[in-house]
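Below, each chain spelled out in residue letters.
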Amino acid sequence: MVRLSNKKKSTAGLYHKIANCVIKCIDIGLYPLGSMRRNTLKSVISERIIPHICVNAGHGKELKFWCFGGWSSYRGRSVLEKEPITIKWINAIEPNSVFWDIGANVGTYSIYAAAARGLKTYAFEPSLANMAVFAKNIELNKVDGLVTALPIALSTVSGLDY
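First things first, this report covers the structure right here in the doc.

Conventions and cut-offs
Residues numbered from 1 in each chain as written. Predicted model: local features only at pLDDT ≥ 70, side-chain atom pairs only at ≥ 80, totals over all residues. Heavy atoms only, no water. Axes fitted to C-alpha atoms, helices over the stretch in contact; angles between N-to-C directions. Helix = DSSP H or I, 4+ residues; strand = E, 2+ residues; numbered from the N terminus. Parallel < 35°, antiparallel > 145°, perpendicular 65-115°, else oblique. Left-handed = near helix turned anticlockwise from the far one by under 90°. Contact = heavy atoms within 4.5 Å. Nonpolar A, V, L, I, M, F, W, Y, C, P; charged D, E, K, R; others polar. Pairing = 2+ DSSP bridges. Right-handed = clockwise from strand over helix to strand, strands pointing away. Salt bridge = Lys/Arg side-chain N within 4 Å of Asp/Glu carboxyl O. Buried < 20%, exposed > 50% of the residue type's maximum accessible area, 1.4 Å probe, protein only. Core = buried A, V, L, I, M, F, W, Y, C linked by side-chain atoms within 4.5 Å. Disulfide = S-S within 2.5 Å.

### Regarding the packing of helix α1 (residues 11–30) against helix α2 (residues 35–49)
Phase 1 of the analysis: In the contact formed by α1 and α2, the axes pass within 10 Å of each other and the chain directions differ by 140 degrees. With respect to their mutual orientation, α1 and α2 come out oblique. Where α1 crosses over α2, the handedness of that crossing is right-handed. In this structure, α1 uses Ile26, Asp27 and Leu30 to contact α2, whose residues at the interface are Arg38, Leu41, Lys42 and Ile45.
Phase 2 of the analysis: Residue composition of the contact of α1 with α2, by class: 4 nonpolar, no polar and 3 charged.

Next up, the structure:
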(Lines give C-alpha, C1' and ligand atoms only; values in the text may rest on other atoms or scores of the structure.)
Protein backbone atom coordinates (compact mmCIF):
# COMPACT_ATOMS: atom_id res chain seq x y z
CA MET A 1 0.00 0.00 0.00
CA VAL A 2 1.31 3.46 -0.88
CA ARG A 3 0.99 5.90 1.98
CA LEU A 4 1.38 9.57 1.37
CA SER A 5 2.34 11.60 4.39
CA ASN A 6 2.65 15.30 4.98
CA LYS A 7 6.41 14.95 4.74
CA LYS A 8 7.81 16.26 1.51
CA LYS A 9 9.22 13.33 -0.47
CA SER A 10 10.95 13.22 -3.78
CA THR A 11 8.77 12.74 -6.83
CA ALA A 12 11.10 9.99 -8.07
CA GLY A 13 10.58 8.04 -4.83
CA LEU A 14 6.83 8.29 -5.20
CA TYR A 15 7.03 7.16 -8.83
CA HIS A 16 9.05 4.11 -7.80
CA LYS A 17 6.46 3.19 -5.17
CA ILE A 18 3.62 3.53 -7.66
CA ALA A 19 5.57 1.49 -10.24
CA ASN A 20 6.18 -1.26 -7.66
CA CYS A 21 2.44 -1.38 -6.89
CA VAL A 22 1.59 -1.66 -10.59
CA ILE A 23 4.17 -4.46 -11.01
CA LYS A 24 2.68 -6.36 -8.04
CA CYS A 25 -0.81 -6.03 -9.56
CA ILE A 26 0.47 -7.33 -12.90
CA ASP A 27 2.23 -10.25 -11.17
CA ILE A 28 -0.95 -11.18 -9.29
CA GLY A 29 -3.12 -10.86 -12.40
CA LEU A 30 -0.79 -12.97 -14.53
CA TYR A 31 -0.09 -15.64 -11.89
CA PRO A 32 -2.59 -18.19 -13.30
CA LEU A 33 -0.76 -18.24 -16.66
CA GLY A 34 2.24 -20.13 -15.38
CA SER A 35 5.85 -19.02 -15.25
CA MET A 36 6.77 -19.18 -18.95
CA ARG A 37 3.64 -17.46 -20.28
CA ARG A 38 3.72 -14.93 -17.43
CA ASN A 39 7.31 -13.93 -18.25
CA THR A 40 6.58 -13.73 -21.98
CA LEU A 41 3.55 -11.51 -21.41
CA LYS A 42 5.47 -9.29 -18.96
CA SER A 43 8.13 -8.83 -21.63
CA VAL A 44 5.50 -7.82 -24.20
CA ILE A 45 3.88 -5.43 -21.70
CA SER A 46 7.21 -3.78 -20.87
CA GLU A 47 7.96 -3.34 -24.57
CA ARG A 48 4.62 -1.59 -25.01
CA ILE A 49 5.06 0.60 -21.92
CA ILE A 50 8.45 2.03 -22.94
CA PRO A 51 7.55 4.94 -25.19
CA HIS A 52 9.18 6.34 -28.25
CA ILE A 53 9.23 9.94 -29.33
CA CYS A 54 8.77 11.35 -32.81
CA VAL A 55 10.86 14.21 -34.19
CA ASN A 56 9.88 16.11 -37.31
CA ALA A 57 13.03 16.18 -39.46
CA GLY A 58 11.43 18.30 -42.18
CA HIS A 59 10.56 17.38 -45.77
CA GLY A 60 7.82 15.06 -44.47
CA LYS A 61 10.32 12.89 -42.60
CA GLU A 62 9.59 11.78 -39.04
CA LEU A 63 12.29 10.19 -36.89
CA LYS A 64 11.44 7.86 -34.01
CA PHE A 65 13.61 7.33 -30.95
CA TRP A 66 13.13 4.74 -28.24
CA CYS A 67 13.06 6.29 -24.77
CA PHE A 68 14.59 3.62 -22.56
CA GLY A 69 15.59 6.25 -20.00
CA GLY A 70 16.21 9.94 -19.53
CA TRP A 71 19.43 10.01 -21.52
CA SER A 72 18.10 8.23 -24.62
CA SER A 73 14.99 10.40 -24.50
CA TYR A 74 17.13 13.55 -24.38
CA ARG A 75 19.32 12.37 -27.28
CA GLY A 76 16.26 11.78 -29.44
CA ARG A 77 14.49 15.02 -28.56
CA SER A 78 17.63 17.11 -29.12
CA VAL A 79 18.89 15.54 -32.36
CA LEU A 80 18.19 18.66 -34.44
CA GLU A 81 19.23 21.26 -31.84
CA LYS A 82 22.13 19.78 -29.84
CA GLU A 83 24.68 19.97 -32.65
CA PRO A 84 23.20 22.07 -35.47
CA ILE A 85 26.55 22.17 -37.26
CA THR A 86 26.51 18.35 -37.45
CA ILE A 87 22.99 18.38 -38.92
CA LYS A 88 24.04 21.05 -41.45
CA TRP A 89 27.09 18.94 -42.37
CA ILE A 90 24.95 15.78 -42.82
CA ASN A 91 22.51 17.77 -44.96
CA ALA A 92 25.40 18.82 -47.21
CA ILE A 93 26.59 15.25 -47.84
CA GLU A 94 26.07 14.22 -51.46
CA PRO A 95 23.33 11.64 -52.15
CA ASN A 96 24.63 8.07 -52.54
CA SER A 97 27.53 8.85 -50.19
CA VAL A 98 28.46 6.77 -47.15
CA PHE A 99 28.16 8.29 -43.67
CA TRP A 100 30.45 7.02 -40.88
CA ASP A 101 29.22 7.70 -37.34
CA ILE A 102 32.13 7.09 -34.97
CA GLY A 103 31.02 7.05 -31.34
CA ALA A 104 27.39 6.74 -32.38
CA ASN A 105 25.91 6.61 -28.86
CA VAL A 106 22.22 5.68 -29.37
CA GLY A 107 22.43 6.44 -33.09
CA THR A 108 20.64 9.76 -33.38
CA TYR A 109 22.85 11.10 -36.19
CA SER A 110 22.96 7.73 -37.96
CA ILE A 111 19.16 7.58 -37.86
CA TYR A 112 18.96 11.14 -39.17
CA ALA A 113 21.45 10.44 -41.97
CA ALA A 114 19.64 7.25 -43.02
CA ALA A 115 15.96 8.11 -42.46
CA ALA A 116 15.97 11.81 -43.38
CA ARG A 117 18.72 11.81 -46.01
CA GLY A 118 18.75 8.21 -47.31
CA LEU A 119 22.50 7.81 -46.70
CA LYS A 120 24.15 4.41 -46.30
CA THR A 121 25.53 4.55 -42.76
CA TYR A 122 28.19 2.66 -40.81
CA ALA A 123 28.05 3.35 -37.10
CA PHE A 124 30.58 2.39 -34.44
CA GLU A 125 29.59 2.32 -30.76
CA PRO A 126 31.43 0.16 -28.21
CA SER A 127 28.86 0.50 -25.38
CA LEU A 128 26.48 -2.44 -25.50
CA ALA A 129 23.86 -0.52 -23.49
CA ASN A 130 23.88 2.25 -26.12
CA MET A 131 23.94 -0.35 -28.88
CA ALA A 132 20.75 -1.97 -27.53
CA VAL A 133 18.90 1.37 -27.73
CA PHE A 134 20.49 2.06 -31.14
CA ALA A 135 19.23 -1.30 -32.47
CA LYS A 136 15.70 -0.41 -31.35
CA ASN A 137 16.00 3.00 -33.06
CA ILE A 138 17.05 1.27 -36.30
CA GLU A 139 14.00 -0.99 -36.02
CA LEU A 140 11.58 1.88 -35.24
CA ASN A 141 12.77 3.87 -38.27
CA LYS A 142 12.91 0.85 -40.60
CA VAL A 143 16.44 1.73 -41.75
CA ASP A 144 18.05 -1.68 -41.25
CA GLY A 145 18.88 -1.71 -44.98
CA LEU A 146 20.77 1.56 -44.66
CA VAL A 147 22.40 1.41 -41.20
CA THR A 148 25.10 -1.05 -40.22
CA ALA A 149 25.77 -0.72 -36.48
CA LEU A 150 29.00 -2.23 -35.20
CA PRO A 151 29.63 -2.66 -31.45
CA ILE A 152 33.33 -1.78 -31.63
CA ALA A 153 35.53 1.20 -30.88
CA LEU A 154 37.77 2.80 -33.47
CA SER A 155 41.23 4.00 -32.56
CA THR A 156 44.58 4.88 -34.05
CA VAL A 157 46.05 2.03 -31.98
CA SER A 158 45.46 -1.66 -32.70
CA GLY A 159 44.66 -3.92 -29.78
CA LEU A 160 42.14 -5.01 -27.22
CA ASP A 161 41.52 -2.92 -24.14
CA TYR A 162 38.76 -2.00 -21.72
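Having put the structure on the table, let's press on.
### Notes on the pairing of strand β4 (residues 120–124)
Phase 1 of the analysis: As paired strands, strand β3 (residues 98–102) and β4 are joined by 5 bridges and run parallel to one another. Among the inter-strand pairings, Val98 is bridged to a residue of β4, identified as Lys120.
Phase 2 of the analysis: Handedness of the β3-helix α5 (residues 108–116)-β4 crossover: right-handed.
Phase 3 of the analysis: Pairing of β4 with strand β5 (residues 147–150) involves 4 bridges; the strand directions are parallel. Of the residues in β5, the one forming a bridge with Ala123 is Ala149.
Phase 4 of the analysis: The handedness of the β4 to β5 crossover, carried by helix α6 (residues 128–141), is right-handed.

### What to know about the pattern of salt bridges
Phase 1 of the analysis: Applying the stated rule across the entire model yields 3 salt bridges.
Phase 2 of the analysis: Between Lys42 and Asp27 there is a salt bridge, with the nearest N and O atoms lying 2.8 Å from each other. Placement of the pair is Lys42 in helix α2 and Asp27 in helix α1, with a sequence separation of 15 residues.
Phase 3 of the analysis: Judged by its relative accessible area of 31%, Lys42 is partly exposed.
Phase 4 of the analysis: Between Lys136 and Glu139 there is a salt bridge, with the nearest N and O atoms lying 3.5 Å from each other. Taken as a pair, Lys136 and Glu139 lie in helix α6 at a separation of 3 residues, close to a single helical turn.

### Here's the deal with the sheet that holds β5
Phase 1 of the analysis: Strands sit in the order β3-β4-β5 across an open sheet of 3 strands; the sheet is parallel. In this open sheet, the two strands that pair with only one neighbour each are β3 and β5. When the angles between neighbouring strand axes are averaged without regard to direction, this sheet yields 15 degrees.
Phase 2 of the analysis: Strands in contact with α5 are β3, β4 and β5; relative to β3, the strand with the most contacts, it is inclined by about 170 degrees.
Phase 3 of the analysis: Sheet strands touched by α6: β4 and β5. Its angle to β5, the strand with the most contacts, is close to 170 degrees.

### What about the nonpolar core?
Phase 1 of the analysis: Membership of the largest hydrophobic core comes to 26 residues, with the highest contact counts inside it found for Leu63, Ile111 and Phe134.
Phase 2 of the analysis: Broken down by secondary-structure element, the contributors of at least two residues to this core are β1 (52–58), β2 (61–66), α4 (84–92), α5 and α6.
Phase 3 of the analysis: Per element, the largest residue contribution to this core is 7 residues, and it comes from α5.
Phase 4 of the analysis: Setting aside residues no more than four positions away along its own chain, Ile111 makes contact with Leu63, Phe65, Ala116, Phe134, Asn137, Ile138, Asn141 and Val143.

### Some thoughts on the state of the cysteines
Phase 1 of the analysis: If you walk through the whole model with that rule in mind, you get 0 disulfides.
Phase 2 of the analysis: Cysteine Cys54 shares no disulfide, and the gap to the nearest cysteine sulfur, in Cys67, comes to 9.3 Å.

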